[in-house]
Amino acid sequence: MSKEVKTAKELMYKVILAGDGAVGKTSLIEKFVTGKFETDYRMTLGTNIFAKSLTVEGASVKLIIWDLAGQPHFKHVRSGFYLGAVGALLVYDVTRRSTLDNLENWRTEMMNNTDDVASVVVVGNKCDLKNLREVKRSEGEEYAKSLGAPFFETSAKEGDNVEAAFLALAKGIIQSKGV
Ligand code: G3D
Ligand code: MG
């Protein structure tokens, strides 16, 4: 008879992705959760919720990843989106400087709507578009440093650093909340 091993209850954490439209939030989640980069799923409106289990520092963690589909114009729609989130990826697009400039507004809106955020990671996405780059790596790094947050340049298309960014997010949550 095989021995059943009882594992500790899996910890579940709500995390969100914030940032301007078309920076690649949905693409990053799709890549992380399904390993695919697809180009034809993005027409949904409202909020999409994804889940992915991972092991961080020996702990089993399930990230419940909330994605704001479309860019609702009304802030009250977004307030429920932030509620209870303990982690956030702040995402900009390295080919559009305005998207980095706007990250602080996204962060402020998030902080105005939840007290629970324990872990933030700054992500400069689309690093595969080398010829279109508008934002230097050091600029993103500097913003992240000002928040005391980890920083990654990612490509949802090629997969670079996608897992690393989510792992750093989960690690930050575990470190501040304890296991
Ligand atoms: P959003 O969820 O932040 O609004 P999306 O952004 O994930 O919908 O992505 C917006 C567009 O950027 C999509 O292109 C998507 O394919 C593209 N994109 C996302 N991430 C990357 C990346 O890392 N590299 C490149 N080259 N493109 C990326 P379309 O043309 O479908 O609008
Ligand atoms: Mg999207």
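The preceding data block contains the structure.
Visitor: Lay out the sheet that holds strand E2 (residues 46-56) with the relevant residues and their values.
Guide: As summarised here, the arrangement of the 6 strands in space is E2-E3-E1-E4-E5-E6, forming an open sheet in which the pairing is mixed. Of all strands in the sheet, those bounded by a partner on one side alone are E2 and strand E6 (151-153). Neighbouring strand axes in the sheet, compared pairwise and without regard to direction, differ in orientation by 25 degrees on average. Bridge count between strand E1 (residues 11-18) and strand E3 (residues 59-69): 7 bridges; the pairing is parallel. Looking across to E3, one finds that leucine 11 is bridged to valine 61. Of the strands in this sheet, E1, E2, E3, strand E4 (87-93), strand E5 (119-125) and E6 touch helix H6 (residues 162-177), which is tilted by about 170 degrees from E5.

Visitor: I'd like a description of the side chain of threonine 99, backed by residues and values.
Guide: Examined against the element boundaries, threonine 99 turns out to sit in helix H3 (residues 97-101). Separated by 2.9 Å, the side chain of threonine 99 and the backbone nitrogen of aspartate 93 make a polar contact. A polar contact of 2.6 Å, which involves the side chain of threonine 99, links it to the backbone oxygen of arginine 96. Ignoring sequence-local partners within four residues, the contact set of threonine 99 consists of Asp20, Val23, Tyr92 and Asp93.

Visitor: Break down the pairing of E3 for me, with residues and values.
Guide: The buried count for E3 comes to 8 of 11 residues, which makes it a mostly enclosed element. Where E2 and E3 come together, 11 bridges link them in antiparallel fashion. When the sheet's bridge partners are listed, asparagine 48 is paired in E3 with aspartate 67. Two successive antiparallel strands, E2 and E3, enclose a turn made up of 2 residues, where glutamate 57 displays a positive phi of approximately 45 degrees.

Visitor: Any chance you could break down the pattern of salt bridges for me, citing the residues and the numbers?
Guide: Once their charged atoms are close, side chains differing in charge can pair, the charge on each being opposite to the other. Enumeration according to the criterion identifies 7 salt bridges in this entry. Arginine 78 is paired through a salt bridge with glutamate 109; the nearest N and O atoms lie 2.5 Å apart. One end of the pair, arginine 78, is in helix H2 (residues 75-82); the other, glutamate 109, is in helix H4 (residues 103-113), with 31 residues separating them in the sequence. Residue arginine 78 shares its accessibility class with glutamate 109, and that shared class is buried. Put simply, glutamate 153 and arginine 133 hold a salt bridge, and the shortest N to O gap is 2.9 Å.

Visitor: Describe H4, with residues and values.
Guide: Those residues of H4 lying buried are Leu103, Trp106, Glu109 and Met110. Relative to the axis of H4, the buried residues are bounded by an arc of 125 degrees and lie together on one face. Structural note: H4 exposes Asn105 and Asn112 on the side pointing more than 90 degrees away from its buried face.

Criteria and thresholds
Residues numbered from 1 in each chain as written. Chains lettered and ligands numbered in written order. Predicted model: local features only at pLDDT ≥ 70, side-chain atom pairs only at ≥ 80, totals over all residues. Heavy atoms only, no water. Pairing = 2+ DSSP bridges. Helix = DSSP H or I, 4+ residues; strand = E, 2+ residues; numbered from the N terminus. Axes fitted to C-alpha atoms, helices over the stretch in contact; angles between N-to-C directions. Contact = heavy atoms within 4.5 Å. Polar contact = N/O pair within 3.5 Å; in protein donor to acceptor, adjacent residues only side chain to side chain. Buried < 20%, exposed > 50% of the residue type's maximum accessible area, 1.4 Å probe, protein only. Salt bridge = Lys/Arg side-chain N within 4 Å of Asp/Glu carboxyl O. Arc of directions from axis to C-beta.

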